[in-house]
Amino acid sequence: MGEQLSPDEKFQLITRNLQEVLGEERLKEILKERELKVYWGTATTGKPHVAYFVPMSKIADFLKAGCEVTILFADLHAYLDNMKAPWELLELRVQYYEQIIKAMLESIGVPLDKLKFVKGTDYQLSREYTLDVYRLSSMVTEHDAKKAGAEVVKQVEHPLLSGLLYPGLQALDEEYLKVDAQFGGVDQRKIFTLAEKYLPSLGYTKRIHMMNPMVPGLTGGKMSSSEEESKIDLLDKNQEVKKKLKRAFCEPGNVENNGVLSFVKHVLFPLHSEFIIKRDPKWGGDKVYTDYEEVDKDFAAEQIHPGDLKASVELALNKLLDPIRKKFETLELKKLTASAYPEPSKNKGGAKGNPKQTVDEEEVIPSRLDIRVGKVISVEKHPDADSLCLEKIDVGEEQPRTVVSGLVAYLSQEQLQDRLVVLLCNLKPQKMRGIESQAMLLCASVEGEPRKVEPLDPPEGSVPGDRVYVEGYESGKPDDELKPKKKVFEKLQVDLKISGECVAQWKEQNLMTKLGQITCKTLKGGNIS
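Remember, it's a predicted structure, so these values are computed and weren't measured experimentally.

### Some words on the overall build of the protein chain
Item 1. Looking only at helices and strands, the protein chain has 16 helices and 23 strands in total.
Item 2. Each principal axis of the C-alpha atoms in the protein chain carries an extent, and together these give about 80 × 60 × 50 Å.
Item 3. For the protein chain, with 529 residues in total, the buried portion stands at 53%.
Item 4. Accessible surface for the protein chain amounts to roughly 25100 Å². Of this, 49% is attributable to carbon and sulfur atoms.
Item 5. In the protein chain, 76 positive and 84 negative side-chain charges are present, and the distance between their average locations comes to 3 Å.

### Let's talk about the domain arrangement of the protein chain
Interfaces are often sized by the accessible area lost when the parts come together.
Item 1. Under the domain assignment, the protein chain is made up of domain 1 (7–212), domain 2 (238–340) and domain 3 (366–528).
Item 2. One C-alpha centre belongs to domain 2, the other to domain 3, and the line joining them spans 31 Å.
Item 3. In this assembly, seven residues from domain 2 lie in contact with eight residues from domain 3.
Item 4. Summing the contributions of domain 2 and of domain 3, the shared interface buries around 590 Å²; its carbon and sulfur component is 32%.
Item 5. Considering only the surface of domain 2 that becomes buried against domain 3, Lys243, Arg247 and Phe249 emerge as the three largest contributors, covering 60% of it.
Item 6. Of the charged contacts in the structure, one is a salt bridge between Asp370 and Arg247, with a shortest N-O distance of 3.3 Å.
Item 7. Connecting domain 2 to domain 3 are four residue pairs in polar contact (both at pLDDT 80 or more).
Item 8. Within the side of domain 2 that touches domain 3, the residues separate by chemical class into two nonpolar, no polar and five charged.

### Considering the pattern of salt bridges
Item 1. Scanning the model with the defined rule gives 32 salt bridges in all.
Item 2. Of the charged contacts, one joins Lys327 and Glu106 as a salt bridge, the two residues approaching to 3.9 Å between their closest N and O atoms. Of the two residues, Lys327 sits in helix 13 (residues 306–327) while Glu106 sits in helix 5 (residues 90–107), which places them 221 residues apart along the sequence.
Item 3. Since its relative accessible area comes to 24%, Lys327 is described here as partly exposed.

### Some thoughts on the UniProt feature "domain: TRNA-binding" (unreviewed entry) in the protein chain
Item 1. Under the local residue numbering, the UniProt record ascribes the feature "domain: TRNA-binding" (unreviewed entry) to residues 365–469.
Item 2. Segment residues 365–469 splits into 4% helix and 49% strand. End C-alpha atoms: 11 Å apart.

### Quick look at helix 14 (residues 331–340)
Item 1. What helix 14 keeps buried is the set Leu333, Leu336, Thr337 and Ala340. Projection of helix 14 onto a plane perpendicular to its axis shows the buried side chains occupying an angular sector of 100 degrees, all on one side. Within helix 14, the exposed residues directed more than 90 degrees away from the buried face are Leu331 and Lys335.
Item 2. Looking at the buried positions of helix 14, the neighbouring elements they touch are helix 5 and helix 13.

### Some points on the nonpolar core
Item 1. Counting residues in each nonpolar core, the largest one holds 75 residues, and the members touching the most others are Leu36, Phe53, Ile101, Met210, Leu309 and Ile324.
Item 2. Looking at which domains feed residues into this core, each of domain 1 (7–212) and domain 2 (238–340) gives three or more.
Item 3. With residues up to four places along the chain from it excluded, the contact list for Phe53 reads Met104, Ile108, Leu234, Phe263, Val267, Leu320, Leu321 and Ile324.

### Focus on the packing of helix 8 (residues 161–176) against helix 9 (residues 189–198)
Item 1. With their axes 9 Å apart at the nearest point, helix 8 and helix 9 run at an angle of 60 degrees to one another. Crossing hand, helix 8 versus helix 9: right-handed. Contacts between helix 8 and helix 9 involve Tyr166, Pro167, Gly168, Gln170, Ala171 and Glu174 on the former and, on the latter, Ile191, Phe192, Leu194 and Ala195.
Item 2. Among the residues forming the contact of helix 8 with helix 9, the class breakdown is seven nonpolar, two polar and one charged.

### Here we look at the packing of aromatic side chains
Item 1. All chains considered together, the criterion is met by eleven aromatic pairs.
Item 2. Seen from their ring centres, Tyr473 and Trp506 are 5.7 Å apart, and the 90 degrees between their planes marks the pair as edge-to-face. In this pair, Tyr473 sits in the loop between strand 18 (467–470) and helix 16 (488–493) while Trp506 sits in strand 20 (residues 504–506), placing the two residues 33 residues apart along the sequence.
Item 3. Judged by relative accessible area, which is 24%, Tyr473 ranks as partly exposed.
Item 4. We classify Trp506 as buried; its relative accessible area is 5%.
Item 5. A network of ring pairs unites the aromatic residues Tyr96, Phe328 and Tyr341 as a single cluster.
Item 6. Looking at Lys28, its charged tip hangs above the ring of Phe11, at a distance of 5.0 Å from the centre.
Item 7. Directly above the ring of Phe117 sits Lys102, whose terminal nitrogen or CZ lies 4.8 Å from the centroid.

Conventions and cut-offs
- Residues numbered from 1 in each chain as written.
- Predicted model: local features only at pLDDT ≥ 70, side-chain atom pairs only at ≥ 80, totals over all residues.
- Heavy atoms only, no water.
- Helix = DSSP H or I, 4+ residues; strand = E, 2+ residues; numbered from the N terminus.
- Buried < 20%, exposed > 50% of the residue type's maximum accessible area, 1.4 Å probe, protein only.
- Areas by Shrake-Rupley, 256 points an atom, 1.4 Å probe, with all protein chains shown as cover.
- Lys, Arg positive; Asp, Glu negative; His and termini not counted.
- Charge placed at Lys NZ, Arg CZ, Asp CG, Glu CD.
- Domains from an automatic or database assignment.
- Contact = heavy atoms within 4.5 Å.
- Buried area = accessible area lost by both parts, 1.4 Å probe.
- Salt bridge = Lys/Arg side-chain N within 4 Å of Asp/Glu carboxyl O.
- Polar contact = N/O pair within 3.5 Å; in protein donor to acceptor, adjacent residues only side chain to side chain.
- Nonpolar A, V, L, I, M, F, W, Y, C, P; charged D, E, K, R; others polar.
- UniProt positions renumbered as here; feature names shortened; annotations may be inferred.
- Arc of directions from axis to C-beta.
- Core = buried A, V, L, I, M, F, W, Y, C linked by side-chain atoms within 4.5 Å.
- Axes fitted to C-alpha atoms, helices over the stretch in contact; angles between N-to-C directions.
- Left-handed = near helix turned anticlockwise from the far one by under 90°.
- Phe/Tyr/Trp six-rings, centres within 6.5 Å; stacked < 30°, edge-to-face > 60°.
- Lys NZ or Arg CZ within 6 Å of the ring centre and 35° of its normal.

See the structure below:
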């Protein structure tokens, strides 16, 4: 593949849709002499999601351009990154990743015989590699290692040494895989620059680095394996795809941080060179786009309705997912999936001395709560109750939610208007004086005369729909709706507190978004309700 293309044509194909290339001149020089050797690596942590189609479509481009492509299943990296993959699950996760990635590549027509698949621990535990890790650790400062992993390695208040080793190992992979270039997301840039700085100090060649833009998730931020609401899983059923796309952030005319539009740009157009908007004949009928810029322009001008865009992406996405889902219908792969990703919300067995206890009793864990950042759009008095207020709050969905709360007694309408807040979104809606409340506003409070109440504050830079989670419970999936009789929130609420540093916590573990901690202004030691 690629032998009929000129070096310039290969360069254009290799670099199209990339956000940045470090080492363009070196890339051009190699293409004049021979085929490029490139690798893409993925840490085998959470389940791959639809954003993985972005690197897969670029791998298709690399093969068309005649590149020699290696795919690295970085199992050791998965463990080093704050133990996102427990040691006992490493091998199972690698097997799952290999099967799902190959199914994705087959779905978009990429020939597997042109690819080389490598597992990290096949060479990263060798004597030579280990000595190079020690050599590198004698050169790289703690500051540089932490900075390099800032956007990739999970950031915690007291980081493990393993997370500081992670960027250096990724740099060494370039030498041990004998490649000319490494390809990854732009979130890897700091690791790439660390590799360019330190590999020559070990006597190794500085490599080329090619970076994809990051596809926004369905909630507007980065699509992440650990943020359930931001992603569509590759094995999600049709109805789940429909449900998640329906809830996706896709504001009319807004092309910024729009994960639905980004999927059209970075996956569907590179694969098909066109995109079809499906719509009712009374609204003009179907329209075929052969240039993404026209899609972007029409959406910005509100000539494409968000509902039509989502329905069209849903159709195209399901065509990509159908062969993957079909492959994973086999008993063998169902068993592999269940073993690699054991369900955390089920008990493995009954308590000792109580054999009658049911083995599938659900654990009451904080990942079952659908907590999100919201923005208050409007505030008004409840028409039938002076002690309640109505708020319209944007939580990253097409329509804002109506929330009925008693904050009117503690805060003025002006204090609530336009502020970012934190909401529990999967309680069963309930009517309060005749008006349905569709979420619960979470606040810090301290009992007394008078009672003190403050809404919780998301970190700076948050946007409506950002998921809020408890540290250590990032990967669980929230319940679709909390059953009132099971009192899941009530049981968890007992341990929801404000720390002495005004940080929201559950059992002394911080409530977080991808940008940082949830806090309040002044109510140290308060409760959260």
